[in-house]
Amino acid sequence: MTQAHKGFSKLSKEEKIDWIAAHYFSAPEEAKALIKKYWNTDTELQQLHDEFIENTITNFYLPLGIAPNFLINGKNYAIPMAIEESSVVAAAAKTAKFWSKRGGFKATVINTEKIGQVHFTYTGDPEKLYAFFEILKPKLYTATDSITKNMQKRGGGILDILLKNKTDLLENYYQLHATFDTRDSMGANFINSCLEQFARTLKAEACDYSDFNETEQNIEVIMSILSNYVPNCTVRAEVSCKIEELNENPAIDPMDFAKKFLTAVRIAEIEPFRAVTHNKGIMNGIDAVVLATGNDFRAVEAGVHAYASRNGHYSSLSHATVENGIFTFWLEIPLALGTVGGLTSLHPLVKLSLEMLQHPSAEELMQLVAVAGLAQNFAALRSLTTTGIQEGHMKMHLMNILNQLHATDAEKENTVHHFKSNTVTHAAVVSHIANLRK
Ligand code: MEV
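- You'll find the protein entered in an unreviewed UniProt entry as 3-hydroxy-3-methylglutaryl coenzyme A reductase, with Flavobacterium kingsejongi given as the organism.
- Per UniProt, the comment on the protein under Sequence similarities (unreviewed entry) is "Belongs to the HMG-CoA reductase family."
- In its Pathway (unreviewed entry) section, UniProt records this for the protein: "Metabolic intermediate metabolism; (R)-mevalonate degradation; (S)-3-hydroxy-3-methylglutaryl-CoA from (R)-mevalonate: step 1/1."

### Some words on the sheet that holds strand E7 (residues 220–227)
Two pairing modes exist for strands in a sheet, parallel and antiparallel, and in both the strands are linked by backbone hydrogen bonds.
Thought 1: Here we have four strands laid out as an open sheet, ordered E5-E6-E4-E7, and antiparallel in their pairing. What marks the edges here is a single partner per strand, and that holds for strand E5 (157–165) and E7. Within this sheet the neighbouring strands show an average axis-to-axis angle of 15°, counted without direction.
Thought 2: Here eight bridges tie E5 to strand E6 (residues 173–181), and the two strands are oriented antiparallel to one another. Its bridge partner being in E6, Gly157 is matched across the sheet by Asp181.
Thought 3: In this fold helix H7 (residues 188–208) packs onto strand E4 (114–121), E5, E6 and E7, with an angle of close to 160° to the strand it touches most, E7.

### So, the sheet that holds strand E10 (residues 326–334)
Thought 1: If you trace the four strands from one edge of the open sheet to the other, you get E3-E8-E10-E9, paired in antiparallel fashion. Each edge of the sheet is formed by a strand with only one pairing partner; in this case those strands are strand E3 (106–109) and strand E9 (318–323). Pairs of neighbouring strands in the sheet enclose a mean axial angle of 20°, with direction left out of account.
Thought 2: Alignment of E9 against E10, held across six bridges, turns out to be antiparallel. The partner of Ser318 across the bridge, within E10, is Leu331.

### With respect to the domain arrangement of the protein
Note: interface size is frequently given as the accessible area lost on complex formation between the parts.
Thought 1: Assigned domains of the protein: these are domain 1 (8–50), domain 2 (64–111 + 234–387), domain 3 (114–227) and domain 4 (393–437).
Thought 2: Between domain 2 and domain 4, the C-alpha centre-to-centre distance is 31 Å.
Thought 3: Facing four residues of domain 2, the contacting portion of domain 4 comprises four residues.
Thought 4: Taken together, the connections running from domain 2 to domain 4 amount to zero salt bridges.
Thought 5: Between the two partners, domain 2 and domain 4, sit zero residue pairs in polar contact (both at pLDDT 80 or more).
Thought 6: Residue classes in the side of domain 2 that touches domain 4 are distributed as one nonpolar, two polar and one charged.

### Remarks on empty space enclosed by the protein
Thought 1: By the definition in use, this model includes two cavities of 30 Å³ or more.
Thought 2: There is about 90 Å³ of room inside the largest cavity.
Thought 3: Lining the largest cavity are 14 residues, and of these Met186, Asn228, Val230, Ala299 and Ala336 sit closest to its centre.
Thought 4: The leading source of residues in the lining of the largest cavity is helix H11 (residues 297–308), at three residues.
Thought 5: When the residues that make up the lining of the largest cavity are grouped by side-chain class, the tally is 10 nonpolar, three polar and one charged.
Thought 6: The residues that make up the lining of the largest cavity include at least three from each of domain 2 (64–111 + 234–387) and domain 3 (114–227).
Thought 7: Around the second largest cavity, the lining residues are Phe120, Leu129, Phe132, Phe133, Leu136, Leu163, Leu176 and Leu202.
Thought 8: Here the lining of the second largest cavity takes four residues from helix H5 (residues 126–143), the largest share from any one element.
Thought 9: Here the lining of the second largest cavity is composed, by residue class, of eight nonpolar, no polar and no charged.

### Let's talk about the layout of surface pockets
Thought 1: Here the largest pocket defines a volume of roughly 1600 Å³.
Thought 2: As for the largest pocket, its lining consists of 47 residues, of which Phe52, Gly294, Leu343, His347 and Val350 are closest to the centre.
Thought 3: Among the elements of the structure, helix H3 (43–50), H7, helix H10 (272–292), H11 and helix H12 (348–356) are those that each provide at least two residues to the lining of the largest pocket.

### Some points on the environment of Asn55
Thought 1: Within the secondary structure, Asn55 is located in the loop between H3 and strand E1 (64–72).
Thought 2: In sequence terms Asn55 and Ala188 are 133 residues apart; their C-alpha atoms lie 24 Å from each other.
Thought 3: Not counting residues within four places of it along the chain, the set of residues in contact with Asn55 comprises Phe8, Ser9 and Lys16.
Thought 4: One polar contact links Asn55 to Lys16, side chain to side chain, over a distance of 3.4 Å.

### Concerning the site of the ligand
Thought 1: Residues in contact with the ligand, as listed here, are Glu85, Arg274, Thr277, His278, Lys280, Gly281, Asn284, Ala380, Leu384 and Ile389.
Thought 2: Lys280 has a polar side-chain atom sitting 2.7 Å from an oxygen atom of the ligand.
Thought 3: Considered on its own, the ligand offers 300 Å² of accessible surface; in the complex 87% of this is hidden by protein.
Thought 4: Only H10 and helix H13 (362–385) provide two or more residues apiece to the shell around the ligand.
Thought 5: Tallied by class, residues from the shell around the ligand come to three nonpolar, four polar and three charged.

### Here we look at unusual backbone geometry
Thought 1: Positive phi is not limited to glycine here, since Asn55 has a value of about 60°.
Thought 2: If you check the backbone angles, Asn172 has positive phi at about 65° while not being a glycine.
Thought 3: Position of Asn172 among the secondary structure elements: in the loop between E5 and E6.

### Things to note about the side chain of Glu301
Thought 1: With respect to the helices, strands and loops of the structure, Glu301 is situated in helix H11.
Thought 2: For the buried residue Glu301, which engages in no salt bridge, the nearest side chain bearing the opposite charge is Lys280, 8.6 Å off.
Thought 3: Once you skip the residues sitting within four places of it in the chain, Glu301 turns out to touch Met283 and Asp287.

Quick notes on the rules
Residues numbered from 1 in each chain as written. Predicted model: local features only at pLDDT ≥ 70, side-chain atom pairs only at ≥ 80, totals over all residues. Heavy atoms only, no water. UniProt positions renumbered as here; feature names shortened; annotations may be inferred. Pairing = 2+ DSSP bridges. Helix = DSSP H or I, 4+ residues; strand = E, 2+ residues; numbered from the N terminus. Axes fitted to C-alpha atoms, helices over the stretch in contact; angles between N-to-C directions. Contact = heavy atoms within 4.5 Å. Domains from an automatic or database assignment. Salt bridge = Lys/Arg side-chain N within 4 Å of Asp/Glu carboxyl O. Polar contact = N/O pair within 3.5 Å; in protein donor to acceptor, adjacent residues only side chain to side chain. Nonpolar A, V, L, I, M, F, W, Y, C, P; charged D, E, K, R; others polar. 1 Å grid on protein atoms, 1.4 Å probe; cavity = no way out; pocket = protein on both sides within 12 Å on 5 of 7 lines; lining within 4 Å. Points joined across faces, edges and corners; volume = space filled by probe spheres on them. Near = heavy atom within 4 Å. Areas by Shrake-Rupley, 256 points an atom, 1.4 Å probe, with all protein chains shown as cover. Buried < 20%, exposed > 50% of the residue type's maximum accessible area, 1.4 Å probe, protein only. Lys, Arg positive; Asp, Glu negative; His and termini not counted.

Have a look at this one:
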C-alpha cells in the first residue's frame, strides 16, 4: 500500500529502505535485496556516495566507456564517456580514428564569461535609480571583497556589473546583471554567493539613500541566481579535409557523400523538428563527457538549447561547407565547465576521468567536450546519409538483447556471427536463440 511519510529524511538508511520496500513493492524482500546488491562493499566509498545527495538508498550505475585516438590540436586523448546509449562510444571511437588520419580536430575557446543576475522591483523614477547605481556599484565590489579574494588570486573575479531596466517586459522590474571570470571552476557557488551579497548591499544602500522617497527606498529583491545561458562562454570545434579524402567507403563517391552531408546539415539549420534530433546527437557526445568529468549536464543542456534558438528559431548547432575542394564541418556552443571544485575533487571516477584527460584546464575541457559533440554529430550524419542509423544501432543493441535473454558465451558467438548477414530485430534475435536452445 503506497503511503506518505512525515520526517522520512530523519530515518536511517536501513529504515528508509525497509519503509520504501514495505509500502511500495509487491515483493519487499526482493526489492531490498536488489537495492543492497548495488551497495559498494567499500564502506568508506559507499558513504561518500551516500552523502552526495539526501535520502540515498543505493547506487545507480552507468557504464563509463573510453573513446581513444582523439587527435585534438595535435595532442592525443582517450576520452571518458559515461552513457547508457549503446552506440555512442563506438561511434565516437570510429570517428576519432577517421579524423586522426585527416589532421584531427581543431578546437578554440572563443570566450569564457559567466553571467549572474539579481532580479528586483523598484517603484519610482528610473533616472534616480541610475544615479543611485553609480554610487552603489563600487560598494558592490567592496562588499564582496572576502568572496572574490581567492578567485582574484587565480586571475578571475567580477568582470562588470550593469543595471538593466526591464520595465518594458514587467512593471517595476530591474536587474543587476553581472559578468564573471571563474577560471577553472564552473563557478556556480562563487557567482551565487556574490549575487546574494549584491542583493543585501543593494537593499541596505537603497534604504539609506536620501534622494529616494520612501517607496523608492523599498527595493524588493525577487531572487539572485546565476544564468545557465552563457552565450559569451563559447568554444568552436572543427574538422576539415580535401573532399577526396572522404573516401573511407569505396562504394560511396566522396563528392556525393559531401553533398548529401551538407544538405543534411542545411536541413537541420532550417527545420526545427530535424534540428532538435540533430542537436540531440551532438549532446550524446557532450553529456557523456560532461557527466564523466563531474560537470552539470542539466546546466549545459539548458544553455546549449537556448543558444540553438538565439536567432529566433531553433536551429542546428553545427555547420558545414565545401569551398575550393575542402570539406569543413564545425560547431560552436556555449559550455560552462569546471575542472576544480564541485564533484571534481570528490568523486573518485571523476578524478580518474580528469587524470585520463591529463588534468585539463576548464578551457581545455571545453575544447574536448565540443570535439566529442562534433564527432558524435559526424558519426550520426555519416550513417544517416549512407547506410541508415539502424544498422549500427541494432548491432550494438544485439548485445543488450542477448544479455536480456541470458545468452551463454557460445550462444552470443553464434548469434553475432548469424547477424553479420541478417537484419537485427528484437524478434529475430529471440527466435534465433529459441532455435539454438531447441
Ligand atoms: C540518437 O541517439 C541520435 C541520432 O538520432 C542523432 C541524429 O539523428 O542526428 C542518431
